[in-house]
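The lines below spell out each chain.
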Amino acid sequence: MSIFKRIFSSYISHKKVSIRNSLIASAALFSINTNGAFAESKNYIAVEPLTCDIVKSIALPSDEVICLVDRKQDVHDLKISPKQARLLKKADKVFTLGTEMTPAMRNWVKRNSTVVLGVSAIDIDDHSDHDDHDDHGHSAKKHDDHDGHDDHGHSAKKHDDHDDHDDHDDHDHHDHGGVDPHVWHDPHNIIKIGEVVSKSLKKDVPERKLRKAISNRFKAFDKTLEDLDKWIVKQVSTIPSSNRVIVSKHKAMDYYGDAFGFETISLLDFLGHSSSLRPQNISKVLNELKEENVKVIFKEQEPASKLVNNLSKQSSIPLSSNQIFVDGLMMEGNTITVAVHNTCTIVNELGGSCDETTGFDLASNWGSLNQ
């Protein structure tokens, strides 16, 4: 277990979940008091673990929200079982990030009962309220200085031709149909996903009081994510501007990079199909890492893949002490927990200082929404 996880577990076990924000407290209380006799319980299925966490945070406590996929399951590789198919058919509604993240949902997304929440369903945040990131050496509104980086994997929406990246030891299946589905690494995109959930849930309840309860729960949801966004900005500001480069195996952190002022480099976008690592491609990567003054290579799994281990040894650039979680939730915690973990891992590895305690408080606030 990582040091971060041990600290988090210890913190949670010794601290009762507290609701520090009065808006969160009133929203939760309002929801509890208004479900009871008025609410006809609904049966919702949320396909991905992250989706399930989001829907539970907004849905009325009287509604049943079932998580279709276990956190141990890679949603890219999901094959829907007969039991799961029955659950999907019986649900009042099905919520999913869509086929870009979960290809197995291709036969379900067109059903009237299915609500898509992912990259194809929202307008990606343009960071117009992140003007204060300009002093990070990166304009949050404009990315003109990145126009020439398309061959480096900097486009937030395109995977180019590198959809099939299997380096034998970890069997990655990241064919996202040409778009990057990892939108939740920007808290403002989670808010937009929450807006879709809230509007959909309110259609299911005729009572004004219950619609109001859902709206209040969404306001608490929104407030927590805005606080998370501000917290991340503050943590990132402690990193020296010359160090703000995130190097990882897959193209998964571009939304995070664009939101918080990082250059992002996807190793596989340099190397192409990683099962045949040509010397000239390796040389190209090593030169780029040197030119960008890269301080660390972030691993996405434990143990680290052969690819990143090899590049770390050849470049003499160390691997991150902890992995970053790019495809969803950690085994423990919630949507905020993974954002706090990733941010503290990135900030601490790149020479900054991360306020983990405040991050844990935000995760606790979020956890209170699901109770």
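If you're wondering where the values come from, they're calculated on a predicted model, not measured in any experiment. (Residues numbered from 1 in each chain as written. Predicted model: local features only at pLDDT ≥ 70, side-chain atom pairs only at ≥ 80, totals over all residues. Heavy atoms only, no water.)

Structural notes on the overall build of the protein
Piece 1. From N to C terminus, the protein includes 12 helices and 7 strands.
Piece 2. Looking at the protein as a whole, 55% of its 371 residues are labelled buried.
Piece 3. Across the protein, the fraction of contacts at a sequence separation of at least 24, relative to all contacts at a separation of at least 6, is 68%.
Piece 4. Accessible surface computed for the protein: about 16,300 Å², of which carbon and sulfur atoms make up 48%. (Helix = DSSP H or I, 4+ residues; strand = E, 2+ residues; numbered from the N terminus. Buried < 20%, exposed > 50% of the residue type's maximum accessible area, 1.4 Å probe, protein only. Contact = heavy atoms within 4.5 Å. Areas by Shrake-Rupley, 256 points an atom, 1.4 Å probe, with all protein chains shown as cover.)

Here's the deal with the confidence of the model for the protein
Piece 1. When the pLDDT values of the protein are averaged, the result is 81; 73% of them are 70 or greater.
Piece 2. Across residues 13-38 the pLDDT falls below 50, and counting only partners more than four positions away or on other chains, this stretch makes 39 contacts in the model.
Piece 3. Across residues 132-177, where pLDDT falls below 50, the model places 112 contacts with residues more than four positions away in sequence or in other chains. (pLDDT = per-residue confidence, 0-100.)

Things to note about the nonpolar core
Piece 1. Counting 79 residues, the largest nonpolar core has Phe221, Leu228, Tyr256, Phe262 and Ile346 as the members making the most contacts within it.
Piece 2. If one sorts the elements of this core by residue count, helix H6 (residues 208-236) sits on top with 12 residues.
Piece 3. Residues contacting tyrosine 256, with those up to four places away along its chain left out, are His185, Ile232, Val236, Ile246, Phe262, Thr343 and Ile346.
Piece 4. Among the nonpolar cores identified, the runner-up in size contains 15 residues, and Val247, Leu267, Leu268 and Ile282 belong to it. (Core = buried A, V, L, I, M, F, W, Y, C linked by side-chain atoms within 4.5 Å.)

A look at the pattern of salt bridges
Piece 1. Applying the stated criterion across every chain, the model contains 4 salt bridges.
Piece 2. Aspartate 254 is the salt-bridge partner of lysine 251, the closest N and O atoms lying 3.0 Å from each other.
Piece 3. Linking glutamate 302 and lysine 299 is a salt bridge whose minimum nitrogen-to-oxygen distance equals 3.2 Å.
Piece 4. Residue class for glutamate 302 comes out partly exposed when judged on its relative accessible area of 47%. (Salt bridge = Lys/Arg side-chain N within 4 Å of Asp/Glu carboxyl O.)

Quick look at the environment of serine 364
Piece 1. Assignment of secondary structure puts serine 364 in helix H12 (residues 356-369).
Piece 2. Among the residues examined, serine 364 registers a relative accessible area of 6% and is labelled buried.
Piece 3. On a C-alpha basis, the gap between serine 364 and glycine 333 in space is 9.2 Å, while along the polypeptide they are 31 residues apart.

Side note on helix H5 (residues 187-202)
Piece 1. The end-to-end C-alpha distance of H5, which contains 16 residues, comes to 22 Å, matching closely the 22 Å that a straight helix rising 1.5 Å per residue would cover.
Piece 2. Listed in full, the buried residues belonging to H5 are Pro187, His188, Asn189, Ile190, Ile191, Ile193, Gly194, Val197, Ser198, Ser200 and Leu201.
Piece 3. The N-cap residue of H5 is aspartate 186: its side-chain oxygen and the backbone nitrogen of histidine 188 are 3.0 Å apart. (Expected span 1.5 Å × (residues − 1). Polar contact = N/O pair within 3.5 Å; in protein donor to acceptor, adjacent residues only side chain to side chain.)

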